[in-house]
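# Residue-level structure breakdown
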Amino acid sequence: MKRGRMAMLTSRPRGTNDILPGDVERWQYIEALAHELCRNWCYGELRTPVFEHTELFLRGVGDATDIVEKEMYTFQDKGGRSLTLRPEGTAPAARAYLENRLQAGPQPVKLYYIGPMFRHDRPQAGRFRQFHQFGAEIFGAAAPAADAEIITLAMEFYRSLDITGLELHLNSVGCPMCRQVLRERLRRYFEARMDGLCPHCRGRLERNPLRLLDCKEAGCREAGAGAPTPLDCLCDECRAHFAEVRRTLDIVGVSYVIDPRLVRGLDYYTRTAFEILAAGVGAQSAVGGGGRYDGLVRTVGGPGVPGVGVALGLERTLLLLAQQHPEVGGRRPPDAFLATAGNTWETATALLVTLRRSGVACDHDYTGRSLKAQMKHAGRLGARFVVIVGEDEAARGAATVRDMESGRQEEVALNGLAPYLRQRLAEKRPDFPGDPKMEVW
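About the criteria used
- Residues numbered from 1 in each chain as written.
- Predicted model: local features only at pLDDT ≥ 70, side-chain atom pairs only at ≥ 80, totals over all residues.
- Heavy atoms only, no water.
- Pairing = 2+ DSSP bridges.
- Helix = DSSP H or I, 4+ residues; strand = E, 2+ residues; numbered from the N terminus.
- Axes fitted to C-alpha atoms, helices over the stretch in contact; angles between N-to-C directions.
- Phe/Tyr/Trp six-rings, centres within 6.5 Å; stacked < 30°, edge-to-face > 60°.
- Buried < 20%, exposed > 50% of the residue type's maximum accessible area, 1.4 Å probe, protein only.
- Lys NZ or Arg CZ within 6 Å of the ring centre and 35° of its normal.
- Salt bridge = Lys/Arg side-chain N within 4 Å of Asp/Glu carboxyl O.
- Parallel < 35°, antiparallel > 145°, perpendicular 65-115°, else oblique.
- Contact = heavy atoms within 4.5 Å.
- Nonpolar A, V, L, I, M, F, W, Y, C, P; charged D, E, K, R; others polar.
- Arc of directions from axis to C-beta.

### Focus on the sheet that holds strand β2 (residues 51-53)
Judged by pairing direction, the sheet is antiparallel, and its three strands sit side by side in the order β2-β4-β3 without closing on themselves. Bordering the open sheet on either side are β2 and β3 (74-76), each of which pairs with just one other strand. Neighbour-to-neighbour, the strand axes of the sheet open up by a mean angle of 35°, direction not taken into account. Summarising the sheet, β2 and strand β4 (residues 82-85) pair through three bridges and their orientation is antiparallel. Within β4, the residue paired with E52 across the bridge is T84.

### Details of the packing of aromatic side chains
Tallied over the full model, the rule gives nine aromatic pairs. Residues F51 and F75 carry aromatic rings whose centres are separated by 6.3 Å and whose planes lie at 70° to one another, so their mutual orientation is edge-to-face. Remark: F75 occurs in strand β3 and F51 occurs in strand β2; sequence separation between them is 24 residues. By relative accessible area, which is 34% here, F75 ends up partly exposed. Aromatic side chains Y112 and F134 sit 6.4 Å apart centroid to centroid with 85° between the ring planes, which places their arrangement in the edge-to-face category. Taken together, the residues Y112 in strand β5 (residues 109-118) and F134 in strand β6 (residues 130-139) connect sequence positions 22 residues apart. Across this residue pair, the class does not change: Y112 and F134 are buried. Cluster of aromatic residues (ring-pair linked, three or more members): Y97, F139, Y268, Y269 and Y293. R193 extends its terminal NZ or CZ atom over the ring of Y189, reaching a point 3.7 Å from the ring centre.

### Here we look at the pairing of β4
With three bridges connecting them, β3 and β4 associate as antiparallel partners. Bridge pairing in β4 places T74 opposite T84. Count of turn residues in the β3/β4 antiparallel hairpin: five residues, of which G80 carries a positive phi of about 80°.

### Things to note about the pattern of salt bridges
If charged atoms from side chains of opposite charge come close, those side chains can pair. In this structure the tally under the stated criterion is 19 salt bridges. D77 serves as the salt-bridge partner of R81, at 2.9 Å between the closest nitrogen and oxygen. According to the relative accessible area criterion, R81 is partly exposed, its value standing at 45%. Ionic contacts of the salt-bridge type, sharing partners, join the residues E52, R95 and E99 into one network.

### Some thoughts on the packing of helix α2 (residues 24-40) against helix α12 (residues 314-324)
It is the contact of α2 with α12, at a shortest axis distance of 11 Å, that shows an interaxial angle of 105°. Looking at the two axes, α2 sits roughly perpendicular to α12. Taken together, the residues of α12 that come into contact with α2 (itself represented by R26, W27, Y29 and I30) are L314, E315, L318, L321 and A322. Classifying every residue of the contact of α2 with α12 gives seven nonpolar, no polar and two charged.

### Some remarks on helix α14 (residues 371-381)
When α14 is considered as a whole, its buried residues turn out to be Q374, M375, H377 and A378. End-on view of α14: buried residues confined to an arc of 160°, all on one side of the axis. Summarising the geometry of α14, the exposed residues directed more than 90 degrees from the buried face are K372, K376 and R380. Buried residues in α14 make contact with β12 (336-340), β14 (385-389) and β15 (398-403). In the segment just after α14, G382 is the residue with positive phi, at about 80°.

Geometric descriptors of this kind do not, in isolation, establish any biological role.
Below, the structure written as structure tokens:
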């Protein structure tokens, strides 16, 4: 028992990950692209709590969804309130939109977020219990052009990563009136095929028969092969809306596949629904998706504000990036390593800060290694240059700089060392930034 408790201290919970140096740089790369993309498209960043009142998800996501029925991490706080770790980002965004009275300002409101979500799911390739999403939402725009913008934004994110082989699946689930017609037709269809349904779908038939179209069980998929689809039940307005979304996507050059069975896994969707699919990301091929949710803000206690959004899975995106562009990311080695010999601690300490302030990524030995051992350590770190400061150099106000690639050494005055290294680094690294404001040593 004691051994088991100790093992819990040295192992992370199932379905979670430690993101280590070397991998973090890939995360930073795609997050930076997401931030830049959203700035260019005029979306403001939103950061919501990682836990919300449970009722927000019961009402917003839908109590007959897999998320609410099986996957939420729900707990009571010390005041007896039921709280839930956020399983998705749209309902919290709608809550934040209302609570902070964003509806009182200029409309539409365009928001984006990047952060962790939590679902008690079966861990597998690209699928975790703590996972991360990049999402974007538009509140206050009912026009089909808003749907097309959200979809185009998502596809542009993958284009900026140079990820290929993606397929956009597109559908319309209609308005509440369309959905009522579809529900009645689905009930009649599946009641005649109850024997082929899994126990879970039998229970859903009365509450939310649309979920039966989304079931992954082989028996349910076979039973539903000839079931009516949302496209079969669209009213004239929803049909026109869907046609305009498609026309706008055609104009901007976003290709898509019409998928009549696509309903997504959340109850708040109305009209447009879409998923982005890719091979090689685990048991399910969706890397992201979204749609319109014109009733969500009202459902969580606000006025009738239309909305549309998308969420992209970052773990699955990173799997695709590693497959297609393994050279991207990775931990960057130090620009320089400061090696010392003799009693030069004060000189080295001041010099180290000066180099770092100048934009040179510089490391130093803190373990008392010999100069020879410091040089070996710098080589293992992959440092491009080693700056050697011994007692003689310090007395002359100079340092010896060794290019670790060529082996060439050159003595440089300490007060000119930072500009010298920056010039040499710019020759080696095309991405090296311009001169920052800095203090001369």
